[in-house]
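# Chains, contacts and geometry: an overview
One-letter residues, chain by chain:
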Amino acid sequence: VRRRLRRRRLMRIARIEKSKHKQERVLVFLEDETLLRVTGAELLRFGLYKGMDVPPELVVELQAAAQQSQVEEAAARTGVGRDPGRMHSKQEVQRLLTKKGAPEDEAAETADWLEGLGAVNDEAYAGVIARHYGTLGYGPARVKQELHRRGIPKELWDGALAQLPPAQDTIRALAHAKLRGKSLDTDTSRRLVAYLQRRGFSWNDIRPVLNELGQDIDEE
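Residues numbered from 1 in each chain as written. Predicted model: local features only at pLDDT ≥ 70, side-chain atom pairs only at ≥ 80, totals over all residues. Heavy atoms only, no water.

### Points about the overall build of the protein chain
For the protein chain, the helix and strand inventory stands at 11 helices and 4 strands. Counting every position in the protein chain, which comprises 220 residues, the buried fraction comes to 40%. If you take every contact in the protein chain between residues at least 6 apart in sequence, the share linking residues at least 24 apart comes to 59%. With an accessible surface of roughly 13,300 Å², the protein chain has 46% of that area assigned to carbon and sulfur atoms. (Helix = DSSP H or I, 4+ residues; strand = E, 2+ residues; numbered from the N terminus. Buried < 20%, exposed > 50% of the residue type's maximum accessible area, 1.4 Å probe, protein only. Contact = heavy atoms within 4.5 Å. Areas by Shrake-Rupley, 256 points an atom, 1.4 Å probe, with all protein chains shown as cover.)

The structure is reproduced here in structure tokens:
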């Protein structure tokens, strides 16, 4: 009996439409004509799709979350406070929605629609990822791993990598922080190179910095 009552409380999403008046607004219509005014962020966060059954408590949560998300999206449009952990690539959107139970064609259609809405922008997302990991002291190889993991198309990688700080500047700062004034002997040099390569820097970028630090290394 409890299961039957629980099922009756569920409300199915009848359709999802883009607002004609506000770019960031998404209109979610339930079968009982209840209208939820949310954002693209909520659509992704909760994995909403046409035909999904929504419990009443989620309706309340959506309405509360939408208010906060609208403030965050306004900041995001100016480039303030962008965090790659709160953004999604088009491929990630499709994965998220299918994981939530949406059919693959519905997930793909929703991802396309969100891209048109501006809530999903792979090029901007790629740049955010590159700048974020560049600030943390990671190099091109590590950033490429992240771009691949997050489903960013390869044709956007070069543009994102161009936003990294100069590799040798970052390597130089990391090396000085790691050495803390110590001399660079052979063993220390080997460990330093391994550390920098793990962070995604190539030997061609590492070698000139080692020469600056006293390791006389010829080009190979």
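### Here we look at helix α6 (residues 122–135)
Across its 14 residues, α6 extends 20 Å between first and last C-alpha, which sits within 8% of the 20 Å expected from 1.5 Å per residue. Within the sequence span of α6, burial applies to Asp 122, Tyr 125, Ala 126, Gly 127, Val 128, Ile 129, Ala 130, Tyr 133 and Gly 134. Its buried side turned inward, α6 meets α4 (90–99), α7 (140–149) and α8 (157–161). Gly 137 occupies a position one or two residues after α6 and carries a positive phi of about 90 degrees. (Expected span 1.5 Å × (residues − 1).)

### Quick notes on the pairing of strand β1 (residues 11–18)
As paired strands, β1 and strand β4 (residues 53–54) are joined by 2 bridges and run antiparallel to one another. Bridging across to β4, Met 11 finds its partner in Val 54. Note: β1 against strand β2 (residues 25–30), 5 bridges, orientation antiparallel. Bridging across to β2, Glu 17 finds its partner in Leu 27. (Pairing = 2+ DSSP bridges.)

### With respect to the sheet that holds β4
A sheet is described by the order of its strands in space; here 4 strands give the open sequence β3-β2-β1-β4, paired in antiparallel fashion. Of all strands in the sheet, those with a lone pairing partner are β3 (35–39) and β4, marking the two edges. Across 5 bridges, the pairing between β2 and β3 is antiparallel. Residue pairing across strands places Phe 29 opposite Leu 35, the latter belonging to β3. Against the sheet, helix α5 (residues 104–117) contacts β1 and β2, and its axis sits at roughly 40 degrees relative to β1. (Axes fitted to C-alpha atoms, helices over the stretch in contact; angles between N-to-C directions.)

### Considerations on a positive patch on the surface
A contiguous patch of positive charge, built from Lys 178, Arg 180, Lys 182, Arg 191 and Arg 198, is present on the exposed surface. Looking at where Arg 191 falls in the secondary structure, it is placed in helix α10 (residues 186–198). (Patch = residues over 30% accessible without salt bridge, like charges linked within 9 Å, V, L, I, M, F, W, Y side chains within 5 Å. Salt bridge = Lys/Arg side-chain N within 4 Å of Asp/Glu carboxyl O. Lys, Arg positive; Asp, Glu negative; His and termini not counted. Charge placed at Lys NZ, Arg CZ, Asp CG, Glu CD.)

### A closer look at unusual backbone geometry
Residues other than glycine seldom take positive phi values, yet Glu 33 does so here, at roughly 75 degrees. When you line up the elements, Glu 33 lands in the loop between β2 and β3.

### A look at the pattern of salt bridges
If you walk through the whole model with that rule in mind, you get 9 salt bridges. Put simply, Arg 15 and Glu 17 hold a salt bridge, and the shortest N to O gap is 2.9 Å. Accessibility expressed as a relative area gives 33% for Arg 15, which makes it partly exposed. Note that Asp 112 and Lys 90 form a salt bridge whose closest N and O atoms lie 2.5 Å from each other. Here the residue Asp 112 occupies a position in helix α5, and Lys 90 occupies one in helix α4, the gap between them amounting to 22 residues.

### Focus: the nonpolar core
Judged by nonpolar contacts, the single largest core of 25 residues is most densely connected at Ile 13, Val 28, Leu 48, Met 52, Leu 62, Val 93 and Leu 114. Among the secondary structure elements, those contributing two or more residues to this core are β1, β2, β3, α2 (40–45), α3 (56–77), α4 and α5. Broken down by element, the residue count for this core peaks at 4 residues, all from α5. Tyr 125, Ala 130, Trp 157 and Ala 160 belong to the second largest nonpolar core, which has 15 residues in total. (Core = buried A, V, L, I, M, F, W, Y, C linked by side-chain atoms within 4.5 Å.)

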